[in-house]
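Coordinates in review
The chain contents come next:
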Amino acid sequence: MLLIRNACLVLATCMAVALCGCARELPPSVAVNESTISSVRKSLEQGASSEEPGAAMETADPTGWATLSGTFKITGSVPANKPLTIDKDVDVCAPGGRQVLDDIVLVGPGGAIQNVLVYVSSTIPSDNPAWVHESYASARTAEVIFDQKNCVFLSRLGVMWSSQTLKVLNSDPIGHNTNLASVRGAKAANISIPANGFAPYEPGAASPAPFSVSCSIHPWMKASMMVCDNPYFAVTDANGVFSIANVPAGVELEFRVWHEKSSYIQDVTVNSAGEKWSKGKFTRNFSAGDDAKMDVAIEASVFQ
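Residues numbered from 1 in each chain as written. Predicted model: local features only at pLDDT ≥ 70, side-chain atom pairs only at ≥ 80, totals over all residues. Heavy atoms only, no water.

**Things to note about empty space enclosed by the protein**
This structure, assessed with the given rule, holds one cavity of 30 Å³ or more. Estimated volume of the largest cavity: approximately 30 Å³. Lining the largest cavity are Asn115, Arg156, Leu157, Ser224, Trp258 and Glu260. A class-by-class count of the residues in the lining of the largest cavity yields two nonpolar, two polar and two charged. (1 Å grid on protein atoms, 1.4 Å probe; cavity = no way out; pocket = protein on both sides within 12 Å on 5 of 7 lines; lining within 4 Å. Points joined across faces, edges and corners; volume = space filled by probe spheres on them. Nonpolar A, V, L, I, M, F, W, Y, C, P; charged D, E, K, R; others polar.)

Written as structure tokens, this is what we have:
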């Protein structure tokens, strides 16, 4: 009888296993040593940082400061700017019936190109005084003016530090709206500006590239805006001249060059030597005290 009962128990157990799955043995409990885990984690992280492409690497602080300046000129036939169609608020926007031209490409004496943007695109620890010269202290939170007059943005290309505030002015006796169409980083905003009024714009963050600015009320009004995460930027003036003072020396810096018509400028001649700037990028490593000059020539076809 006992044998029959044991056999029944075995049979019942086998049926239960068949229905529920095989029983699994659990491993014995393992004591956790936090210091060991920390040591292993650090080793893995160090291995990743030294072997993985694109991983963040520590960079030595700059050894001083330098200045980069120069000129941008166009070679070849200068492209003609097209007349704009002014069909609203004509008395203000085209006083006296004058013809208004699109000012996207402004070329001055000797082929000088205005509104070329040059900026440091390397990541700069802007809270570290070893990387941001003391001469920029007051600029960190300074107000930047962006005005419009006779239904034209007076700055075809605006640029600012992300910590700054843009004062959007309206110097016309009619209302405008300023549509800052940032798609990433800097805050997008569509601001109504009353006649002879103003409004502030705080970007809150840098933009990865320049973005468009427009007025929905007067759709021919166009401009561009760049918000940088450091103060190392410049825009060429009417003589094609730019200058960026007190840039970090002793470290490799990546710069980018942009124009509204051409986007990032790539094929250039620098100090009489041809260069190819992939996506508008070039690098420099200055020595402390350098006063570096670069005279850049660009074929007119780039701006067609």
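**Points about the layout of surface pockets**
In this structure, the largest pocket spans a volume of roughly 240 Å³. Along its surface, the largest pocket is lined by 15 residues, and Ser155, Leu157, Gly158, Val159 and Val235 are the ones closest to its centre. Elements that contribute at least two residues to the lining of the largest pocket include exactly strand E3 (143-146), strand E6 (157-161) and strand E13 (233-235). Partitioning the lining of the largest pocket into residue classes produces ten nonpolar, four polar and one charged. Of the voids in this model, the second largest pocket is the one considered here, and its volume is about 160 Å³. What lines the second largest pocket is a set of 13 residues, among which Tyr119, Ser121, Ser207, Met226 and Asp229 lie closest to the centre. Among the secondary structure elements, those contributing two or more residues to the lining of the second largest pocket are strand E2 (117-120) and strand E12 (222-228). The greatest single-element share of the lining of the second largest pocket, amounting to three residues, is contributed by E12. Along the lines of polarity and charge, the residues of the lining of the second largest pocket split into seven nonpolar, four polar and two charged. (Helix = DSSP H or I, 4+ residues; strand = E, 2+ residues; numbered from the N terminus.)

**A closer look at the pattern of salt bridges**
Applying the stated criterion across every chain yields a total of seven salt bridges. Between Arg156 and Asp103 there is a salt bridge; the shortest N-O distance is 2.5 Å. Note that Arg156 is positioned in the loop between strand E5 (152-153) and E6 and Asp103 in the loop between helix H3 (90-93) and E2, a separation of 53 residues in sequence. Glu260 serves as the salt-bridge partner of Arg156, at 2.8 Å between the closest nitrogen and oxygen. Residue Arg156 is located in the loop between E5 and E6, and its partner Glu260 is located in the loop between strand E15 (252-259) and strand E16 (263-264); the two are separated by 104 residues in the primary sequence. Classification of Glu260 by relative accessible area gives partly exposed; the value is 22%. Taken together, the shared-partner salt bridges in this structure form one network comprising Asp102, Asp103, Arg156 and Glu260. (Salt bridge = Lys/Arg side-chain N within 4 Å of Asp/Glu carboxyl O. Buried < 20%, exposed > 50% of the residue type's maximum accessible area, 1.4 Å probe, protein only.)

**Observations regarding the state of the cysteines**
All told, the structure shown has one disulfide when counted by the stated rule. Here Cys93 pairs with Cys151 through a disulfide, and the sulfurs are 1.9 Å apart. In this structure the cystine formed by Cys93 and Cys151 twists about its S-S bond by roughly -50°; its chirality is therefore left-handed. Of this pair, Cys93 sits in helix H3 while Cys151 is found in the loop between strand E4 (148-149) and E5, placing the two residues 58 residues apart along the sequence. The residues Cys93 and Cys151 share a single accessibility class, namely buried. Here Cys215 stays unpaired: no disulfide links it, and the sulfur of Cys151, its closest cysteine neighbor, is 7.5 Å away. The class of Cys215 is buried, set by a relative accessible area of 2%. (Disulfide = S-S within 2.5 Å.)

**Description of the environment of Val100**
With respect to the helices and strands, the residue Val100 is situated in the loop between H3 and E2. Along the primary structure Val100 and Lys82 are separated by 18 residues, whereas in three dimensions their C-alpha atoms are 8.7 Å apart. Residue contacts for Val100: discarding those within four places in its chain leaves Lys82, Pro83, Leu84, Ile86, Cys93, Ala94 and Val152. (Contact = heavy atoms within 4.5 Å.)

In short, geometric facts, not functional conclusions.
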